[in-house]
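Commentary on secondary and tertiary structure
Each chain, written out:
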Amino acid sequence: MEKLIINGGSSLRGEVEINGAKNAAVALLPAAILASEGKCVIDNVPDIEDVHCLERILKSLGAKVNKLNSNALEINAQTIDTVNACTEDVRRMRASYYFIGALLARFKEARVELPGGCPIGVRPIDQHIKGFEALGAKVSIEHGAVNIMAEKLVGTNIFFDVVSVGATINLMIAATLAEGTTTLENVAKEPHVVDVANFLNSMGADIKGAGTDVIKIRGVEKLSGCNYSVVPDQIEAGTFMIATVATKGDVVLKNVIPKHLDSISAKLIEMGAKVEEGDDSVRVYVDGPLKGINIKTAPYPGFPTDVQQPMCTLLSSVPGRSLIVETIWENRHKHVDELEKMGAQIKVEGRTAIIDGVETLTGTLVNATDLRAGAALVIAGLIAEGETQITSIEHIDRGYPHIEDKFKKLGAKITRR
Ligand code: EPZ
């Protein structure tokens with residue numbers, strides 16, 4: 001199995017190009033199924049394992065997927081000849097739940113294996129199912145797969161019990177071809193939710209309000225292919241911002257939407273780092289002392305849960321006590337055990353990590369238990385004394401494109417072996 005080997009101590013300096021958002025791309029690819037005519041050409045797609053997995057699932061359904069270059073895909077969904085998505089790839093990843101909404105909308109039936117994904121807590125899909133049923137679908141779970149069918153889908157009002165990115169996107173997808181208007185309330189407002197709405201509208205859908213608390217979807221007769229470019233990845237950007245501060249570096253992140261990074265920038269500034277916004281770039285640097293701070297994760301525009309673990313590494317290396325309260329996932333502090341092996345002083349009580357900053361972390365053999373835990377350990381390796389070896393890096397490859405190449409370009413001593 002491959003490992004990442006990092007020799008810590010170099011400050012990150014230079015420019016890094018941020019890729020398209022994983023959590024947008026993993027919804028756009030299944031949503032492309034809705035085009036019953038024409039082809040979707042999607043650009044700025046991150047070259048990550050989760051996307052490769054979705055390409056294979058689309059092909060297994062009969063779609064034609066053509067890689068135009070490492071970041072552009074052409075999807076022809078006219079050739080889909082089955083609604084049965086039950087492969088190992090479907091089981092492996094979380095976003096495969098979008099095939100339920102997309103196949104239901106276009107073919108009025110689907111059989112999709114229950115999704116997998118990072119082990120960060122219980123990950124129910126009850127809100128997705130409640131929404132599909134409200135649109136008129138019949139749902140059963142048998143032999144580990146969701147079976148869903150509807151004679152027709154009819155628009156209605158759906159008020160979600162919890163704010164869910166996945167359920168919001170899945171119901172937007174499912175309602176695009178329903179009769180009448182669907183109103184979604186208590187929805188997620190993440191940039192990737194807005195991106196999926198923009199993509200669906202480019203295909204001919206009529207969706208208004210994405211990015212606010214209420215989304216209205218007026219059903220249309222059919223959707224067609226379109227050309228689209230994925231929104232920049234707020235989480236990849238946040239990870240590089242945090243790594244820059246952790247290594248006391250000076251980096252310009254290009255191809256970002258600074259507004260999407262506000263909650264992360266605010267916390268880095270509160271710690272004592274500098275963040276300068278350009279039109280589609282941010283410069284992050286450190287020119288003075290840093291101090292511990294408190295963070296509570298929240299749905300957008302709050303501090304993203306997906307950046308909490310990298311932030312934990314940074315806070316474990318600055319003077320003073322910091323708290324991180326994780327409100328979205330009940331089991332997202334697994335990186336802490338690994339950071340402790342490197343000398344971090346962190347105590348987890350329920351959903352809160354209490355972090356006492358130490359002067360140095362020291363390199364050792366650590367395991368990436370999930371995607372963002374992996375990112376947290378890469379940052380730990382960048383600042384640790386000596387060599388850090390990270391195993392289970394397949395988790396990192398699911399969501400960060402060419403992570404070692406990007407950090408190497410910024411001056412890090414990192415290789416894959
Ligand atoms: C998405 O997961 C992201 N994954 C996650 O990113 C991210 O952490 C999460 O949103 C929150 O931002 C993808 O987009 C593929 P949710 P999702 O539905 O959609 C509860 C990463 O690191 N809930 O917003 O699965 C749930 O238990 C990954 O890139 C229900 O109770 O998350 C959680 O507490 C990890 N019932 C909360 O809502 C439901 O039906 C938010 O979950 C759905 C969710």
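Here, every reference points to the structure presented above.
The paragraphs below set out a description of the structure included in this document. Small disclaimer: the values here were computed from a predicted structure and weren't measured.

1. Focus on the sheet that holds strand S21 (residues 321-325)
Taken together, the four strands give an open sheet; going across it, the order is S20-S21-S23-S22, and neighbouring strands pair in mixed fashion. Strands at the two margins of the open sheet, each flanked by one partner only, are strand S20 (294-296) and strand S22 (345-349). Each strand axis lies, on average, 15 degrees off the axis of its neighbour in the sheet, ignoring direction. Of the pairings in the sheet, the one linking S22 to strand S23 (residues 352-356) comprises five bridges and is antiparallel in character. Its bridge partner being in S23, Gln345 is matched across the sheet by Asp356. Docked against the sheet, helix H10 (residues 305-315) engages S20, S21, S22 and S23, running at close to 170 degrees with respect to S21.

2. A short note on helix H4 (residues 98-107)
Residues lying three or four places apart along an α-helix face the same way, a consequence of the helix completing one turn every 3.6 residues. Within H4, nine of the ten residues are buried, leaving the element largely enclosed by the surrounding structure. The set of residues buried in H4 consists of Tyr98, Phe99, Ile100, Gly101, Ala102, Leu103, Leu104, Ala105 and Arg106. Backbone geometry just downstream of H4 places Lys108 in the positive-phi region, at approximately 65 degrees.

3. Some points on the site of the ligand
Residues in contact with the ligand amount to 25 residues; listed here are only the nearest, Ser164, Val165, Asp306, Ile328 and Arg372. Taking Arg94, its side chain carries an N or O atom lying 3.4 Å from an oxygen atom of the ligand. Side-chain polar atom of Tyr97 to an oxygen atom of the ligand: 2.7 Å apart, as the coordinates give it. Expressed as a share of its isolated accessible area of 830 Å², the protein-covered part of the ligand is 90%. Judged by the proximity of its atoms to the pocket grid, the ligand belongs to the largest pocket. Of the residues in the shell around the ligand, the class split is twelve nonpolar, six polar and seven charged.

4. Some thoughts on helix H8 (residues 234-246)
An ideal rise of 1.5 Å per residue puts 18 Å on 13 residues; H8 measures up with 18 Å between its terminal C-alpha atoms. A large share of H8 lies buried, amounting to 13 of its 13 residues. Capping the start of H8, Asp233 holds a side-chain oxygen 2.8 Å from the backbone nitrogen of Ile235, two or three residues further along. Remark: Lys248 follows H8 within two positions and exhibits a positive phi of approximately 55 degrees.

5. Quick word on the sheet that holds strand S9 (residues 138-142)
On the basis of which strands lie adjacent, the open sheet formed by four strands has the order S7-S8-S10-S9 and mixed pairing. One side of each edge strand has no neighbouring strand; the edge strands of this open sheet are strand S7 (84-85) and S9.

What counts and what doesn't
- Residues numbered from 1 in each chain as written.
- Predicted model: local features only at pLDDT ≥ 70, side-chain atom pairs only at ≥ 80, totals over all residues.
- Heavy atoms only, no water.
- Pairing = 2+ DSSP bridges.
- Helix = DSSP H or I, 4+ residues; strand = E, 2+ residues; numbered from the N terminus.
- Axes fitted to C-alpha atoms, helices over the stretch in contact; angles between N-to-C directions.
- Contact = heavy atoms within 4.5 Å.
- Buried < 20%, exposed > 50% of the residue type's maximum accessible area, 1.4 Å probe, protein only.
- Near = heavy atom within 4 Å.
- Polar contact = N/O pair within 3.5 Å; in protein donor to acceptor, adjacent residues only side chain to side chain.
- Areas by Shrake-Rupley, 256 points an atom, 1.4 Å probe, with all protein chains shown as cover.
- 1 Å grid on protein atoms, 1.4 Å probe; cavity = no way out; pocket = protein on both sides within 12 Å on 5 of 7 lines; lining within 4 Å.
- Sits in = over half its atoms within 2 Å of the grid points.
- Nonpolar A, V, L, I, M, F, W, Y, C, P; charged D, E, K, R; others polar.
- Expected span 1.5 Å × (residues − 1).

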